[in-house]
Amino acid sequence: MAKTARPARATVAVVIPARYASSRFPGKPLARLGDKPLIQQVYERVRMARGVNRVVVATDDARIHECVTGFGGEAILTAHELRSGSDRVAAVAREIPADVYVNLQGDEIPLDPGFLEDLILPFAKSDANVGTLKQAITEERDLQDPNVVKVVTDRNGDALYFSRSPIPHLRDRRAEDRALVPGLHWKHLGIYIYRAAALARFAGLPSGTLEVTEQLEQLRLLEAGIRIRVWETKHASLRVDTPADLERAEQILTGGKPAWRNSSL
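Cut-offs applied
- Residues numbered from 1 in each chain as written.
- Predicted model: local features only at pLDDT ≥ 70, side-chain atom pairs only at ≥ 80, totals over all residues.
- Heavy atoms only, no water.
- 1 Å grid on protein atoms, 1.4 Å probe; cavity = no way out; pocket = protein on both sides within 12 Å on 5 of 7 lines; lining within 4 Å.
- Points joined across faces, edges and corners; volume = space filled by probe spheres on them.
- Helix = DSSP H or I, 4+ residues; strand = E, 2+ residues; numbered from the N terminus.
- Buried < 20%, exposed > 50% of the residue type's maximum accessible area, 1.4 Å probe, protein only.
- Pairing = 2+ DSSP bridges.
- pLDDT = per-residue confidence, 0-100.
- Contact = heavy atoms within 4.5 Å.

Quick word on the layout of surface pockets
Right, so step 1: Of the pockets and cavities examined, the largest pocket occupies roughly 1,300 Å³.
Right, so step 2: Lining the largest pocket are 38 residues; nearest its centre among them are Gln105, Arg164, Gln215, Glu217 and Arg239.
Right, so step 3: Among the elements of the structure, β1 (12–18), α3 (85–93), β11 (186–195) and α7 (209–214) are those that each provide at least two residues to the lining of the largest pocket.
Right, so step 4: Considering each element in turn, the lining of the largest pocket owes the most residues, five residues, to β11.

Focus: the pairing of strand β6 (residues 100–104)
Right, so step 1: Across the five residues that make up β6, a large majority, five, are buried.
Right, so step 2: Here five bridges tie β6 to β11, and the two strands are oriented antiparallel to one another. In the sheet register, Tyr101 faces β11, and the bridge partner there is Tyr194.

Regarding the confidence of the model for the chain
Segments scoring low in pLDDT should not have their predicted coordinates read at a detailed level.
Right, so step 1: The predicted model of the chain averages 90 in pLDDT, with 92% of residues at 70 or higher.
Right, so step 2: Residue range residues 257–265 is modelled with pLDDT below 50. Its contacts to residues more than four positions away, or to other chains, number 30 contacts.

Some details on unusual backbone geometry
For residues besides glycine, phi is generally negative; the peptide bonds are generally trans as well.
Right, so step 1: In this model, Ile167 is joined to Pro168 through a cis peptide bond whose omega is -5°.
Right, so step 2: Here Pro168 lies in the loop between β10 (159–163) and β11.
Right, so step 3: Phi angles above zero are rare outside glycine, and Gln215 is one such case at about 55°.
Right, so step 4: Mapped onto the fold, Gln215 is located in the loop between α7 and α8 (219–223).

Structural notes on the pairing of β11
Right, so step 1: Counting buried residues in β11 gives nine out of ten residues, a clear majority hidden from the surface.
Right, so step 2: With seven bridges connecting them, strand β8 (residues 130–136) and β11 associate as antiparallel partners. Residue Ala136 lies in a different strand from β11, and its bridge partner there is Trp186.
Right, so step 3: Note: strand β9 (residues 150–153) against β11, two bridges, orientation antiparallel. Within β11, the position partnered with Lys150 by the bridge is Lys187.

So, in structure tokens, the structure goes:
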């Protein structure tokens, strides 16, 4: 993809995809976390980040739409059959003009504005059309966990591949050695940033073999030859996948549990 000229002051819209249906946690966006529903906790934290001009929830369910508008947020109803969160963001982009769109899932709670800023601010200064975040893997269980997506990058910081498997593989590792090598293994955090043209192109691409096999939407871009720039963040987020995760998230947010892992409780 050709380099895109950067606007002097790009408008940034953060779109939060939020589905009601979930095999592990139906109605998750509306579940109470503290004194607010989960989707409100995410929405309000996003608004604290520098560089954000607009925050919109993209949902396929009227109950979530009503909840968001009820607490004063903005929401748009989208079709049920969209392939991924970024496809839902692209649907919103057809109604809401912006130069840059961020896809932050409705179950990813930024614990600090820096989580978003570590993506938005360097992206604005770069020639990248698509970007995302990575974080160092510090626990062996994360490296082996297929729910923790791994990423490897080239010397320019562009993604070479994303996988649910441990990558890179250590060929000469002895059986008794740990597979995790600090500085070599990185987890991918499921937040994306797109320039408007790149997002529209993403939505128009067919789902590739790798995307379908790994069930990772970002592989659609790599299969089409579109670069994804990856920046590191040390800021924390909480990912809520199950009711047990929600309970632990409440303990963390209220100071009841100091030990936690980023992006995957």
